[in-house]
Number of protein chains: 2
Amino acid sequence: MGRQRPGTPTLEEVAALAGVGRGTVSRVVNNAAGVRDSTRRTVQRAIAELGYVPNLAARSLAGHRADAVALVMTETDWRLFGEPFFTEIVHSVGDALTDTPVQLLLTLVRSDTERQRFVEYARGGRVDGVLLMSVHAEDPLPDMLAKAGLPTVMLGRRSGDESVTYVDADNAGGARDAVTHLLKGGRDTIGVIGGPPDMYVAQCRLRGYREALEPAGVEFRSSLVVEGDFSEESGHRAMRDLLARHPELDAVFAASDSMAAGALNALRAAGRRVPEDVAVIGFDDFQPARPTDPPLTTVRQPLEAIGRTMVRLLLEEMEESPAAWRHVILPTELVLRDTA
Amino acid sequence: MGRQRPGTPTLEEVAALAGVGRGTVSRVVNNAAGVRDSTRRTVQRAIAELGYVPNLAARSLAGHRADAVALVMTETDWRLFGEPFFTEIVHSVGDALTDTPVQLLLTLVRSDTERQRFVEYARGGRVDGVLLMSVHAEDPLPDMLAKAGLPTVMLGRRSGDESVTYVDADNAGGARDAVTHLLKGGRDTIGVIGGPPDMYVAQCRLRGYREALEPAGVEFRSSLVVEGDFSEESGHRAMRDLLARHPELDAVFAASDSMAAGALNALRAAGRRVPEDVAVIGFDDFQPARPTDPPLTTVRQPLEAIGRTMVRLLLEEMEESPAAWRHVILPTELVLRDTA
DNA sequence: GTGAAAGCGCTAACAA
DNA sequence: TTGTTAGCGCTTTCAC
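What counts and what doesn't
Residues numbered from 1 in each chain as written. Chains lettered and ligands numbered in written order. Predicted model: local features only at pLDDT ≥ 70, side-chain atom pairs only at ≥ 80, totals over all residues. Heavy atoms only, no water. Helix = DSSP H or I, 4+ residues; strand = E, 2+ residues; numbered from the N terminus. Rg over C-alpha atoms; globule rule 2.2 N^0.38 Å. Buried < 20%, exposed > 50% of the residue type's maximum accessible area, 1.4 Å probe, protein only. Contact = heavy atoms within 4.5 Å. Areas by Shrake-Rupley, 256 points an atom, 1.4 Å probe, with all protein chains shown as cover. Core = buried A, V, L, I, M, F, W, Y, C linked by side-chain atoms within 4.5 Å. Pairing = 2+ DSSP bridges. Axes fitted to C-alpha atoms, helices over the stretch in contact; angles between N-to-C directions. Least-squares fit on C-alpha atoms with pLDDT ≥ 70 in both. Near = heavy atom within 4 Å. Polar contact = N/O pair within 3.5 Å; in protein donor to acceptor, adjacent residues only side chain to side chain. Nonpolar A, V, L, I, M, F, W, Y, C, P; charged D, E, K, R; others polar. Buried area = accessible area lost by both parts, 1.4 Å probe. Salt bridge = Lys/Arg side-chain N within 4 Å of Asp/Glu carboxyl O. Phe/Tyr/Trp six-rings, centres within 6.5 Å; stacked < 30°, edge-to-face > 60°. Expected span 1.5 Å × (residues − 1). Parallel < 35°, antiparallel > 145°, perpendicular 65-115°, else oblique. Right-handed = clockwise from strand over helix to strand, strands pointing away.

A.B. asks: What should I look at first to understand the overall build of chain A in this one?
C.D. replies: Of the regular secondary structure elements, chain A holds 13 helices and 12 strands. The C-alpha radius of gyration of chain A comes to 26 Å, more than 25% above the 20 Å expected for a compact globule of 340 residues. On the principal axes, the C-alpha backbone points of chain A span a range of 85 × 40 × 40 Å. Looking at chain A as a whole, 55% of its 340 residues qualify as buried. Counting only contacts in chain A whose residues sit at least 6 apart along the sequence, the fraction spanning at least 24 positions is 70%. With the model as given, the accessible surface of chain A reaches about 14,200 Å², and the carbon-plus-sulfur share is 49%.

The following block contains the structure:
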């Protein structure tokens with residue numbers, strides 16, 4: 001497991017070649033002020049000549065920082081890897097870090113072994129902060145990191161009273177908007193394809209559904225609620241169940257776009273026209289699975305803003321460890337794409 | 001950008017509490033031999049009491065290794081993120097590392113800035129080796145890493161005479177098998193949906209197609225070749241072009257499963273029955289995009305073995321930097337799934 | 001089997 | 001503006 005990369009020049013050798021002290025070279029390398037321009041150039045030449053690259057372990061040890069942050073995906077998130085949701089978050093996090101010297105590290109945590117390994121990695125000082133995509137209520141990782149005093153920001157929350165800094169979308173509000181839109185369109189038998197009930201995000205979206213029904217005077221019926229797992233396949237299955245139970249339904253709100261896509265196909269297979277007979281609204285603003293799919297009305301999450309905000313909060317916590325955690329909830333937007 | 005995590009206990013404090021020397025604690029922490037069992041237990045108790053976690057920067061600095069490897073995805077690979085291809089590789093790489101103390105770091109390189117940042121990270125000694133998924137011919141990253149003396153293993157190769165250690169599937173052979181199978185089934189007007197011509201993997205798969213035609217006495221016609229970019233959409237488009245040019249074709253070999261899925265839909269939209277009228281074979285053994293899709297005959301790459309082999313080669317190069325690079329080509333397998 | 005001591009290469013504080 | 005110096009916390013000889 002050992003490795004050597006001998007022959008790597010050190011600060012000291014650069015200093016010797018440039019005929020200056022170690023401190024000066026360090027200042028040049030770190031772009032610090034207080035170095036005469038001519039000196040700086042001399043040093044830069046020496047750096048180039050030797051092909052000097054700073055030893056990051058030494059820098060970390062002396063400087064008490066790693067200049068790196070981790071974006072952790074748990075087993076659960078991993079399934080979302082393919083979703084534009086995930087892609088966009090990673091992209092926006094990456095974008096938010098481009099102007100900093102911070103390296104972004106994606107890590108996959110699938111088992112307790114890996115969880116343990118990662119915690120040791122993080123506590124060992126290899127990263128200055130952690131972004132978590134995990135949202136499952138029972139995941140101990142957020143608390144392990146928080147207990148270790150590591151700046152941590154979560155995407156979404158595990159429950160209503162989350163004790164770790166997080167950024168979330170207004171899930172209940174988005175769902176409310178979607179269902180209200182359907183009601184205004186004259187639909188009143190609206191099925192719901194919900195997410196896993198143990199995920200807070202799913203609870204919120206279901207709550208939004210109920211909150212929209214009330215002011216419209218439409219009674220909530222639990223037989224109109226079917227449970228999915230955010231996957232397209234589960235949406236398909238759920239839609240078939242719903243149709244069997246309520247052939248008369250005229251609209252469906254799905255808690256994710258993947259499930260909405262599955263529902264769409266199930267409806268078509270059953271001979272229903274979408275959206276004429278049954279309107280479908282999804283959540284997340286993923287692109288349709290196939291280019292041949294019709295555009296779907298959906299609740300858009302501001303993914304770019306979510307990623308950017310997560311980074312902002314993390315960097316802030318890294319600067320000055322704040323006394324308390326903070327929460328940011330970002331608004332969603334109903335994107336109408338149906339022709340009917 | 002600064003950060004502190006004060007109050008973290010050090011080796012020295014553990015040694016003091018346990019009433020032993022620093023060296024002994026180090027041996028215990030690293031599970032090294034040569035410590036009396038009773039001493040070991042005393043030390044472990046002290047470690048637990050203090051909640052000691054090794055400072056990885058110090059360990060790296062003194063031990064000349066990082067106990068971490070990076071799996072780099074370039075912009076190009078990023079699009080594959082969603083594909084089971086990618087997922088499986090990452091999983092098998094992760095699996096291959098579970099029994100080692102090596103942390104796997106996924107990193108995304110989208111721009112020259114990020115490329116530069118990563119190279120500094122790697123050359124700075126934060127990782128002991130690098131796994132590359134990039135396969136584009138013009139990517140300078142492999143050479144940058146090789147020049148820096150970093151153990152590097154690529155998935156796929158950039159050209160026929162690759163100068164960096166790599167693991168690849170037998171792409172030409174797999175394509176040959178697929179097309180031979182079609183020919184044996186009595187199909188002789190076989191369209192090809194190829195990948196980007198600047199990618200070696202695409203060249204190999206196209207070559208395999210030609211190699212299969214020859215012994216069968218079927219003439220190669222360039223009008224039967226259409227270029228895609230591995231995406232489902234490009235497969236759809238390509239299939240329409242092919243149909244327009246050769247309405248009489250009775251089979252299609254697509255250089256990726258995504259393109260095969262796109263082709264499948266285009267064929268259906270054109271009223272062709274699959275596989276009765278037109279047989280389709282893909283490559284990669286991705287799952288069909290939708291649960292409602294019929295199973296597709298495909299050329300399976302041994303993804304698990306590829307990931308495992310990459311890790312094995314990398315660990316070997318990390319142990320003893322070898323004099324020369326090595327190549328491993330793994331066989332593919334034709335998986336028949338069509339009913340016809 | 002164990003302790004002491006010499007670095008690893010850098011940052012940052014302090015002198016000059 | 002620049003050089004000097006004291007660590008950062010660990011691994012690894014080398015004595016004992």
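A.B. asks: Got a minute to help me understand the nonpolar core in this structure?
C.D. replies: Generally speaking, nonpolar side chains in soluble globular proteins are found buried as a group. By size, the foremost hydrophobic cluster in this structure holds 60 residues, and its most contacted members are Ile306(A) and Ile306(B). The residues contacting Ile306(B), other than those within four sequence positions of it, are Ile89(B), Leu155(B), Val167(B), Ala169(B), Gln301(B) and Leu330(B). Core analysis: the next-biggest nonpolar cluster, separate from the first, contains 41 residues, Leu182(A), Val192(A), Leu224(A) and Met259(A) among them.

A.B. asks: It is not clear to me how the sheet that holds strand β6 (residues 190-194) of chain A should be interpreted in this structure. Could you clarify?
C.D. replies: Remark on secondary structure: sheet strands pair via backbone hydrogen bonds, oriented parallel or antiparallel. Residue and element names in this part refer to chain A. If you trace the six strands from one edge of the open sheet to the other, you get β7-β6-β8-β9-β10-β12, paired in mixed fashion. Two strands bound the open sheet, and with one partner strand each, they are β7 (225-227) and β12 (333-335). When the angles between neighbouring strand axes are averaged without regard to direction, this sheet yields 20 degrees. Here helix α11 (residues 232-245) sits on the sheet and contacts β6, β7 and β8 (251-254); the angle it forms with β6, its principal contact strand, is near 150 degrees.

A.B. asks: Help me understand the relation of the copies chain B and chain A, please; the structure alone is not making it clear to me.
C.D. replies: Each of the two chain copies can be generated from the other by rotation about an axis followed by a shift along it. Mapping chain B onto chain A leaves a residual RMSD of 0.1 Å; the transformation is a rotation of 180 degrees accompanied by 0.1 Å of translation along its axis. This pairing of chains is accounted for by a two-fold axis.

A.B. asks: Would you explain the environment of Ala279(A) in this entry?
C.D. replies: Residue and element names in this part refer to chain A. Within the secondary structure layout, Ala-279 lies in strand β9 (residues 279-284). Look at Ala-279 and you get buried, because its relative accessible area is 4%. Sequence-wise, Ala-279 and Leu-182 are 97 residues apart; in three dimensions their C-alpha atoms are separated by 7.7 Å.

A.B. asks: Would you explain the protein's contact with DNA strand D in this entry?
C.D. replies: Taken together, 28 residues are adjacent to DNA strand D, and Arg27(A), Thr39(A), Leu11(B), Arg22(B) and Tyr52(B) come closest. Sugar and phosphate atoms represent 58% of those atoms of DNA strand D found within 4 Å of the protein. In the environment of DNA strand D, a base oxygen lies 2.5 Å from a nitrogen or oxygen atom belonging to the side chain of Arg27(A). Within the side chain of Ser26(B), a nitrogen or oxygen atom sits 2.6 Å from a phosphate oxygen of DNA strand D. Put simply, the parts of the chain that give the surface near DNA strand D at least two residues each are α2 (22-29) and α4 (56-63) of chain A together with α2 (22-29) and α4 (56-63) of chain B. Its residues placed into classes, the surface near DNA strand D shows nine nonpolar, 13 polar and six charged.

A.B. asks: Please explain the protein's contact with DNA strand C as it appears in this structure.
C.D. replies: In the region of DNA strand C, 26 residues are neighbours, and Leu11(A), Arg22(A), Tyr52(A), Arg27(B) and Thr39(B) sit closest. Tyr52(A) places a polar side-chain atom, nitrogen or oxygen, 2.4 Å from a phosphate oxygen of DNA strand C. Taking Arg36(B), its main chain carries an N or O atom lying 2.6 Å from a phosphate oxygen of DNA strand C. Those elements that provide at least two residues to the surface near DNA strand C are α2 and α4 of chain A together with α2 and α4 of chain B. Among the residues making up the surface near DNA strand C, the classes are represented as nine nonpolar, 11 polar and six charged.

A.B. asks: What am I meant to see in the interface of chain B and chain A here?
C.D. replies: Interface size is commonly expressed as the accessible surface area that is lost when the partners come together. Contacts between chain B and chain A engage 70 residues on the former and 70 residues on the latter. Here chain B meets chain A over a buried area of about 6,200 Å², counting both sides, of which 54% is carbon and sulfur. Counting across the interface, chain B meets chain A through two salt bridges. Asp95(A) serves as the salt-bridge partner of Arg110(B), at 3.0 Å between the closest nitrogen and oxygen.

A.B. asks: Explain the pattern of salt bridges to me, please; I cannot follow it from the model alone.
C.D. replies: Two side chains bearing opposite charge may form a pair once their charged atoms approach each other closely. All names here are of chain A. A full pass over the atoms with the stated rule returns 39 salt bridges over all chains. Between Arg-41 and Asp-37 there is a salt bridge, with its nearest N and O atoms 4.0 Å apart. One end of the pair is Arg-41 and the other is Asp-37, both in helix α3 (residues 37-50) and four residues apart, which spans about a single turn. Members of the salt-bridge network, linked through shared partners, are Arg-312, Glu-316, Glu-317 and Arg-326.

A.B. asks: Just to check I follow, could you spell out the sheet that holds strand β9 (residues 279-284) of chain B for this structure?
C.D. replies: Residues and elements named next belong to chain B. Across the sheet, six strands lie side by side as β7-β6-β8-β9-β10-β12; this open sheet has mixed pairing. Both outer strands of the open sheet, β7 (225-227) and β12 (333-335), are each paired with one neighbouring strand and no more. Each strand axis lies, on average, 20 degrees off the axis of its neighbour in the sheet, ignoring direction.

A.B. asks: How should I be thinking about the packing of aromatic side chains in this particular structure?
C.D. replies: Two aromatic rings, taken as a pair, are described by how far apart their centres are and by the angle between their planes. Residue and element names in this part refer to chain A. Within the structure shown, the criterion is met by four aromatic pairs over all chains. Ring centres of Tyr-209 and Phe-220 lie 6.1 Å apart, and the angle between their planes is 70 degrees; on these two criteria the pair is classed as edge-to-face. Of the two residues, Tyr-209 sits in helix α10 (residues 200-213) while Phe-220 sits in the loop between α10 and β7, which places them 11 residues apart along the sequence. Taking the relative accessible area as the measure of exposure, Phe-220 reaches 26% and is therefore partly exposed.

A.B. asks: Which parts of the structure should I look at to understand helix α11 (residues 232-245) of chain B?
C.D. replies: Each full turn of the α-helix corresponds to 3.6 residues, which orients residues three or four apart in the same direction. All names here are of chain B. The terminal C-alpha atoms of α11 lie 20 Å apart, and with 14 residues this matches the ideal 20 Å at 1.5 Å per residue to within 8%. Those residues of α11 lying buried are Glu-232, Ser-234, Gly-235, His-236, Ala-238, Met-239, Leu-242 and Leu-243. Buried residues along α11 sit in contact with β6 (190-194), β7, β8 (251-254) and α12 (257-269).

A.B. asks: Where do I start with the packing of helix α1 (residues 11-18) of chain A against α2(A) in this structure?
C.D. replies: Relative orientation and spacing of two packed helices are given, respectively, by the angle between their axes and the distance between those axes. All names here are of chain A. It is the contact of α1 with α2, at a shortest axis distance of 8 Å, that shows an interaxial angle of 105 degrees. Here α1 is positioned roughly perpendicular relative to α2, judged by the angle of their axes. Seen from α1, the contacting residues are Leu-11, Glu-12, Val-14 and Ala-15; seen from α2, they are Arg-22, Val-25 and Ser-26. Looking at the contact of α1 with α2 residue by residue, the classes come out as four nonpolar, one polar and two charged.

A.B. asks: So what exactly am I meant to see when it comes to the pairing of β6(B) here?
C.D. replies: For a regular strand, the rule is simple: side chains alternate between the two faces of the sheet. Residue and element names in this part refer to chain B. With respect to burial, β6 is a largely interior element, five of its five residues being buried. Residues Ile-190, Val-192 and Gly-194 of β6 are buried on one face, and the alternating residues Gly-191 and Ile-193, pointing to the opposite face, are buried as well. Note: β6 against β8, four bridges, orientation parallel. Bridge pairing in β8 links Val-192 to Phe-253. A crossover links β6 with its parallel partner β7, the connecting element being helix α10 (residues 200-216), and its sense is right-handed.

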